[in-house]
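Take a look at the letters that make up each chain.
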Amino acid sequence: MVRHIGGAMRGSGANQISVLVRAMVESKVSKNVLRLFYALGYKLDHELLRVGFAFHFQRGASITVTVSSVNKMLKLHATDEAVPVTPGIQLVEVTALASSENYTEVVAAVSSFCEYLAPLLHLSKPGTSTGVVSTAAAAAASLMSDAAGVTT
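This one's a predicted model, so the numbers in the text were calculated from it and none came from an experiment. (Residues numbered from 1 in each chain as written. Predicted model: local features only at pLDDT ≥ 70, side-chain atom pairs only at ≥ 80, totals over all residues. Heavy atoms only, no water.)

Q: Tell me about the overall build of the protein, and please be specific about residues and values.
A: Assigned secondary structure in the protein consists of four helices and six strands. The helix and strand sequence of the protein, counted from the amino end, reads β-α-β-α-β-β-β-β-α-α. Counting every position in the protein, which comprises 152 residues, the buried fraction comes to 20%. For the protein, the exposed area adds up to about 11,000 Å²; of that, 59% sits on carbon and sulfur atoms. (Helix = DSSP H or I, 4+ residues; strand = E, 2+ residues; numbered from the N terminus. Buried < 20%, exposed > 50% of the residue type's maximum accessible area, 1.4 Å probe, protein only. Areas by Shrake-Rupley, 256 points an atom, 1.4 Å probe, with all protein chains shown as cover.)

Q: I'd like a rundown of the environment of serine 27, residues and numbers included.
A: Its location among the elements puts serine 27 in strand β2 (residues 22-27). Residue serine 27 is classed as partly exposed on the basis of its relative accessible area of 35%. Here serine 27 is in contact with Met1 and Val2, once residues within four sequence places are set aside. (Contact = heavy atoms within 4.5 Å.)

Q: If you had to explain unusual backbone geometry to someone new, which residues and values would you point to?
A: Phi angles above zero are rare outside glycine, and histidine 77 is one such case at about 65°. For histidine 77, the location among the structural elements is in the loop between β4 (62-72) and β5 (83-84).

Q: Please give an account of the nonpolar core that cites residues and values.
A: Ranked by size, the top nonpolar core spans 13 residues in total, and within it Val19, Ala61, Ile63, Val65, Val110 and Phe113 carry the most contacts. Mapped onto this core, the elements with two or more residues apiece are β4 and α3 (103-117). For this core, the element with the highest residue contribution is α3, accounting for seven residues. Other than its neighbours up to four places away in sequence, valine 110 contacts Val19, Ile63, Val94 and Ala96. (Core = buried A, V, L, I, M, F, W, Y, C linked by side-chain atoms within 4.5 Å.)

Printed below as a string of structure tokens:
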């Protein structure tokens with residue numbers, strides 16, 4: 001499956017809600033999707049491996065919670081040699097699909113659920129400076145460097 005996640009909603013409406021809203025398109029693909037991307041002129045810069053689990057539940061909206069660690073693959077397709085980007089830190093994502101008809105209800109459901117998580121997690125909207133923890137800069141640098149530690 002190929003997933004395209006669009007840019008974040010902007011403007012005064014985005015600043016007034018506590019969640020990040022993005023457009024997302026998922027497409028089923030065959031096993032040779034990499035050949036298609038190469039034929040279209042794309043280049044594989046880096047690979048990341050997410051290891052974790054997800055669960056789904058209904059709470060005013062169909063909500064998915066994903067808990068995972070992100071690993072950098074030092075060699076192409078070498079999943080057994082992947083190293084953690086931020087050792088000991090888990091990424092927790094709370095997502096829900098919304099349409100223009102049920103947008104307000106979904107935002108309220110996700111915000112309400114996140115209030116339950118607040119005592120357990122450091123919550124933030126991506127791109128908000130309050131959400132940057134001390135290891136985030138190191139994680140970003142690790143993603144942008146090659147196996148020898150040289151930033152490209």
